[in-house]
Amino acid sequence: MARASSGTVSPYGRSGVRIVVAGDQGTGKSSLIITAAADTFPPNVPPVLPPTRLPEDLYPDRMPITIIDTSSRPEDSGKVAEELKQADTVVLTYACDRPETLDRLSTFWLPRLRNLEVRVPVIVVGCKLDLRDDNQQLSLEQVMSPIMQQFREIETCIECSAMRHIQIPEVFYYAQKAVLHPTAPLFDQESQTLKPRCVRALKRIFILCDHDKDGALSDAELNDFQVKCFNAPLQPSEIVGVKKVVQEKLSEGVNERGLTLTGFLFLHALFIEKGRLETTWTVLRKFGYNDDIKLADDFIPPLKRAPDQSVELTNEALDFLKGIFDAFDGDGDGVLRPRELEELFSTAPESPWNGTPYEDAAEKNAFGGLSLDAFLSEWALMTLLNPTYSVENLIYIGYTGEPSSAIRVTRRRRLDRKKQQSERNVLQCFVFGPRKAGKSALLNTFIGRPYTDNYNPTTEDRYAVNVVDISMGNKKYLVLREIPEDGVRKLLANKESLAACDIAVFVHDGSDESSWRTASELLVEIAGHGEDTGFEVPCLIVAAKDDLDSFPMAIQEATRVCHNMGVEAPIPISVKLGDFNNLFRRVVTAAEHPHLSIPETEAGRSRKQYHQLINRSLLAVSVGAAVVVVGLAAYRVYSARKNASG
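Residues numbered from 1 in each chain as written. Predicted model: local features only at pLDDT ≥ 70, side-chain atom pairs only at ≥ 80, totals over all residues. Heavy atoms only, no water.

Going by the annotation in an unreviewed UniProt entry, the name recorded for the protein chain is Mitochondrial Rho GTPase, with Senna tora given as the source organism. UniProt's Subcellular location (unreviewed entry) comment on the protein chain is quoted here verbatim: "Mitochondrion outer membrane". The annotation that UniProt attaches to the protein chain under Sequence similarities (unreviewed entry) is "Belongs to the mitochondrial Rho GTPase family." (UniProt positions renumbered as here; feature names shortened; annotations may be inferred.)

Given below as structure tokens:
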């Protein structure tokens, strides 16, 4: 497991390493670069060197290295800053014979990198080692330890001499290594432990390699792992040696079946502590991870879809998720408790449903647990909003099929209207309405939350998702997206904003005339936007707070508006009384028949009448032209006959 050097792979998507060398004037920057490139110490050095390329075969990774020298003149400060911002790693130099240049690292150069937001590994290099005072008592470790405690971005410190050719190749080897095999994503220097994301990735790799699922890597499984990652088998004596090293330090690291997960993690921590980060990085990259310890971008193929197409999970992916649900429902109660859900996602970089928009989007029981329907609803929402992220997390939790087999792109909504039928399993409903109309209460009830009189205004778009039973065996996932009144203008600033909408619901307080007026204005605005962009959507009106007395003239006003726009009369509901009038089923039914319930504005009606008039005029012109052509042809035939008879 230790022979990593011959099997190291290049990082995904990286064509080379750009190293920028900076430091005070006279600290040996240019001499360091020339000696590394030409293997000879220069008698005369120019103030600033042009970009210098090191041979690809200089180091085992065979990665092209470009070294950028920088000026020390104050007037070139802006140019140096631009170079530093483009660096993959920074080499900061000081002169071993000038202590003040070492002090300047912590008082000027390292703070400057932070101010410039240059977040790359830093290699600190003491040049002119041959000129250092022999009476200096402190070692490099003693000198640098306080600085490295303050500036964790420092990856390595090294001293060298260009004149005496001492440790010159090592400087740029460490600089390249810091880019290709960085410490920061893997290891917490302060606590001396593997970082959580690294642990989660290695746990996933361990599970994938544990073919018999017995919780340990047998000798055969260890050997398969070695061949996959390093293209070289382990000898039986080496396997014994690996397990012995682990068992001596950690008794639970090995059992009668082989190397446990604890032992597997311990081995990688040991490699990192000994400076052999390339071993762990080789393993991670072999299993598709990038420098952020997430699946590389090219691991999941990009999706192509029109704005009015959505993405859903396939039956294959849903069957996999149902199996996963059962596997992690340890007590068999049909609910995934938070602890069980955390364990399910313990092989992902982090739980994808922590935070908005997923954290409070699905129905939970009193202990925060998810039923199977709620679990699948969360997946439906994630796939709708971010299909690539959804597929990525499917892979993290063990989906081994082709990524493309997990999702399907639905038919265009425009075509659904022509076909007069939607075939989607996941339907998205935009919920509009004025403040205090009852939008949030509607979403809360949809995901099983009790009614409360407390008013908490919604300032950002919010989602709620659940299963709606339409008929025996016919279930749809309905996503409600609440759009605050203040957010409508921002939404409509995008021409394609309604393309993702299957149906829109307009909620108003049935006891408040001003609430109705605002809701009806929103209806006209949304309908007009749909007409202008070609993304018309079915619409329903909801009269909330039916437990209160409706405002005078409510029925007449609603009847007039609904008749003029060609939509259903408002659906009365009372969240407080639990009377929903089959609202969610009616929403889904209307969305399944997208050619119905589409409102028509006065402007849209006038436009349609104009187009009809133009079309009739064109038809009349074409018929008239045809009559003329036929008449002309008849006249020619008549003339020809007359001439023949004459």
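**Q** Teacher, can you tell me more about empty space enclosed by the protein here?
**A** To find the voids left in a structure, one rolls a probe of water-molecule size over its atoms. The final tally for this structure, using the stated rule, is three cavities of 30 Å³ or more. What the largest cavity holds in volume is close to 90 Å³. Lining the largest cavity are 15 residues, with Arg413, Arg417, Cys501, Asp502 and Pro594 sitting closest to its centre. At three residues, helix H15 (residues 413-419) tops the list of elements feeding residues into the lining of the largest cavity. Residues that form the lining of the largest cavity fall into these classes: eight nonpolar, one polar and six charged. Quantified by volume, the second largest cavity comes out at close to 50 Å³. Of the residues forming the lining of the second largest cavity, the biggest block, three residues, is contributed by helix H18 (residues 513-533). For the lining of the second largest cavity, a count of residues per class yields eight nonpolar, one polar and one charged. (1 Å grid on protein atoms, 1.4 Å probe; cavity = no way out; pocket = protein on both sides within 12 Å on 5 of 7 lines; lining within 4 Å. Points joined across faces, edges and corners; volume = space filled by probe spheres on them. Helix = DSSP H or I, 4+ residues; strand = E, 2+ residues; numbered from the N terminus. Nonpolar A, V, L, I, M, F, W, Y, C, P; charged D, E, K, R; others polar.)

**Q** Explanation requested: helix H14 (residues 387-396) in the structure shown.
**A** Each α-helix winds once per 3.6 residues, and so residues spaced three or four apart point in a common direction. Where burial is concerned, most of H14 is hidden: eight out of the ten residues are buried. For H14, the complete set of buried residues consists of Pro387, Ser390, Val391, Glu392, Asn393, Leu394, Ile395 and Tyr396. Close packing links the buried residues of H14 with helix H6 (196-209), strand S12 (311-313), helix H11 (315-328), helix H13 (372-385) and strand S15 (407-409). (Buried < 20%, exposed > 50% of the residue type's maximum accessible area, 1.4 Å probe, protein only. Contact = heavy atoms within 4.5 Å.)

**Q** Got a minute to help me understand the environment of Asn44 in this structure?
**A** Inspection of the secondary structure assignment puts Asn44 in the loop between helix H1 (29-38) and strand S2 (52-54). Residue Asn44 is classed as exposed on the basis of its relative accessible area of 65%. Each C-alpha atom of the pair Asn44 and Ser440 lies 75 Å from the other, and the pair is 396 residues apart in sequence.

**Q** How should I be thinking about unusual backbone geometry in this particular structure?
**A** If a residue is not glycine, its phi is most likely negative; likewise, a peptide bond is most likely trans. Cis geometry marks the peptide bond from Thr356 to Pro357; its omega dihedral reads 0°. Relative to the assigned elements, Pro357 resides in the loop between helix H12 (338-344) and strand S14 (370-371). With a phi angle near 60°, Asp39 is a residue other than glycine that sits in the positive phi range. Mapping Asp39 onto the fold places it in the loop between H1 and S2. Positive phi outside glycine occurs at Gln167, with the angle close to 55°. Here Gln167 shows up in the loop between strand S6 (154-159) and helix H5 (168-180). Among the residues examined, Gln167 registers a relative accessible area of 35% and is labelled partly exposed.

**Q** How do you make sense of helix H2 (residues 77-85) when you look at a structure like this?
**A** Within H2, burial applies to Val80, Ala81, Glu83 and Leu84. For H2, the angular spread of the buried residues around the axis is 160°, confining them to a single face. Where H2 is buried, its residues contact strand S1 (17-23), strand S3 (65-69), strand S4 (89-95) and helix H3 (99-115). (Arc of directions from axis to C-beta.)

**Q** I'm lost on the pairing of strand S16 (residues 426-432) in this one. Help?
**A** Working note: regular strand, side chains alternate between the two faces of the sheet. Among the seven residues in S16, seven count as buried, and that is most of the element. Of the two faces of S16, the one carrying Val426, Gln428, Phe430 and Phe432 and the one carrying Leu427, Cys429 and Val431 are both buried. Pairing of S16 with strand S18 (residues 474-482) involves six bridges; the strand directions are parallel. Paired with Cys429 across the two strands is Leu480, which belongs to S18. (Pairing = 2+ DSSP bridges.)

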